[in-house]
Amino acid sequence: QVQLVESGGGLVQAGGSLRLSCAASGSTFSVYVMGWFRQVPGKERTFVAAISASGSIMYADSVKGRFTISRDNAKRTVDLQMNSLKPEDTAVYSCAASWLGISTTVDGYRYWGQGTQVTVSS
């Protein structure tokens, strides 16, 4: 069992930056693939970024070059640094954990946090 809690969301102007953090408790954090997803009202949750236990990383095309995912196994955290934010990045961002291989799909993750709101104003 893994519990996930996100923090760091907020309101920022376009072009600005935010850093999201996800803290994990429970089972062994270091073996899990960790992912970030986002969701806007009325739409499905979509993949943002993921990092495997060995450090392999994947990004959605829409955030490549602007977002950076990282993890600290000692602190049991996974962060998402978001730069050059755009209004279309506005969403609820959730972190997720999986003991399977790295995945870009919602079904690939077993545990989810509650999410944190990111709002980018134009």
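Residues numbered from 1 in each chain as written. Predicted model: local features only at pLDDT ≥ 70, side-chain atom pairs only at ≥ 80, totals over all residues. Heavy atoms only, no water.

Undergrad: Please give an account of the pattern of salt bridges that cites residues and values.
TA: The tally for this structure, following the rule as stated, stands at 4 salt bridges. Note that Asp 61 and Lys 64 form a salt bridge whose closest N and O atoms lie 3.2 Å from each other. One exposure class covers both Asp 61 and Lys 64, and it is exposed. Counted as one network, the salt bridges with shared partners bring together Arg 38, Arg 66 and Asp 89. (Salt bridge = Lys/Arg side-chain N within 4 Å of Asp/Glu carboxyl O. Buried < 20%, exposed > 50% of the residue type's maximum accessible area, 1.4 Å probe, protein only.)

Undergrad: Tell me what's going on with the nonpolar core, and back it up with residues and numbers.
TA: Counting residues in hydrophobic clusters, the biggest one holds 35 residues, and the most contacted among them are Leu 4, Met 34, Trp 36, Leu 80, Met 82 and Tyr 93. At the level of elements, strand S1 (2–7), strand S3 (18–26), strand S4 (33–39), strand S5 (46–51), strand S7 (67–72), strand S8 (77–82), strand S9 (91–98) and strand S11 (116–121) are the ones that each hand at least two residues to this core. In this view, Met 34 contacts Leu 4, Cys 22, Phe 29, Ala 49, Ala 50, Ile 51, Ile 69, Arg 71, Val 78, Ala 96, Ala 97 and Tyr 109; residues no more than four positions away in its chain are not counted. (Core = buried A, V, L, I, M, F, W, Y, C linked by side-chain atoms within 4.5 Å. Helix = DSSP H or I, 4+ residues; strand = E, 2+ residues; numbered from the N terminus. Contact = heavy atoms within 4.5 Å.)

Undergrad: Can you tell me about the state of the cysteines, naming the residues and giving the values?
TA: Evaluation of the coordinates by the stated rule reveals 1 disulfide. In this model, Cys 22 is linked to Cys 95 through a disulfide, with the two sulfur atoms separated by 1.9 Å. Of note, the bridge from Cys 22 to Cys 95 carries an S-S torsion of about 45 degrees and is right-handed in sense. Here Cys 22 is found in strand S3, whereas its partner Cys 95 is found in strand S9, with 73 residues between them in sequence. (Disulfide = S-S within 2.5 Å.)

Undergrad: Pulling in residues and values, what's your account of the environment of Phe 67?
TA: Residue placement: Phe 67 occurs in strand S7. For Phe 67, a relative accessible area of 2% gives the class buried. With 18 residues separating them in the primary sequence, Phe 67 and Ala 49 have C-alpha atoms 8.3 Å apart.

Undergrad: Describe the environment of Ala 97, naming the residues involved and giving the relevant values.
TA: Within the secondary structure layout, Ala 97 lies in strand S9. When the C-alpha positions of Ala 97 and Leu 85 are compared, they lie 25 Å apart, and in sequence the two are 12 residues distant. Beyond its immediate chain neighbours, meaning those up to four positions away, Ala 97 contacts Val 2, Leu 4, Tyr 32, Val 33, Met 34, Tyr 109, Arg 110 and Tyr 111.

Undergrad: Can you lay out the sheet that holds S8 for me, pointing to particular residues and giving the numbers?
TA: On the basis of which strands lie adjacent, the open sheet formed by 4 strands has the order S1-S3-S8-S7 and antiparallel pairing. Two strands close off the open sheet at either side, each with one partner strand: S1 and S7. Within this sheet the neighbouring strands show an average axis-to-axis angle of 15 degrees, counted without direction. Bridge count for S1 against S3 is 6 bridges, and the pairing is antiparallel. Its bridge partner being in S3, Val 5 is matched across the sheet by Ala 23. (Pairing = 2+ DSSP bridges. Axes fitted to C-alpha atoms, helices over the stretch in contact; angles between N-to-C directions.)

Interpretation in functional terms is not warranted from these geometric data alone.
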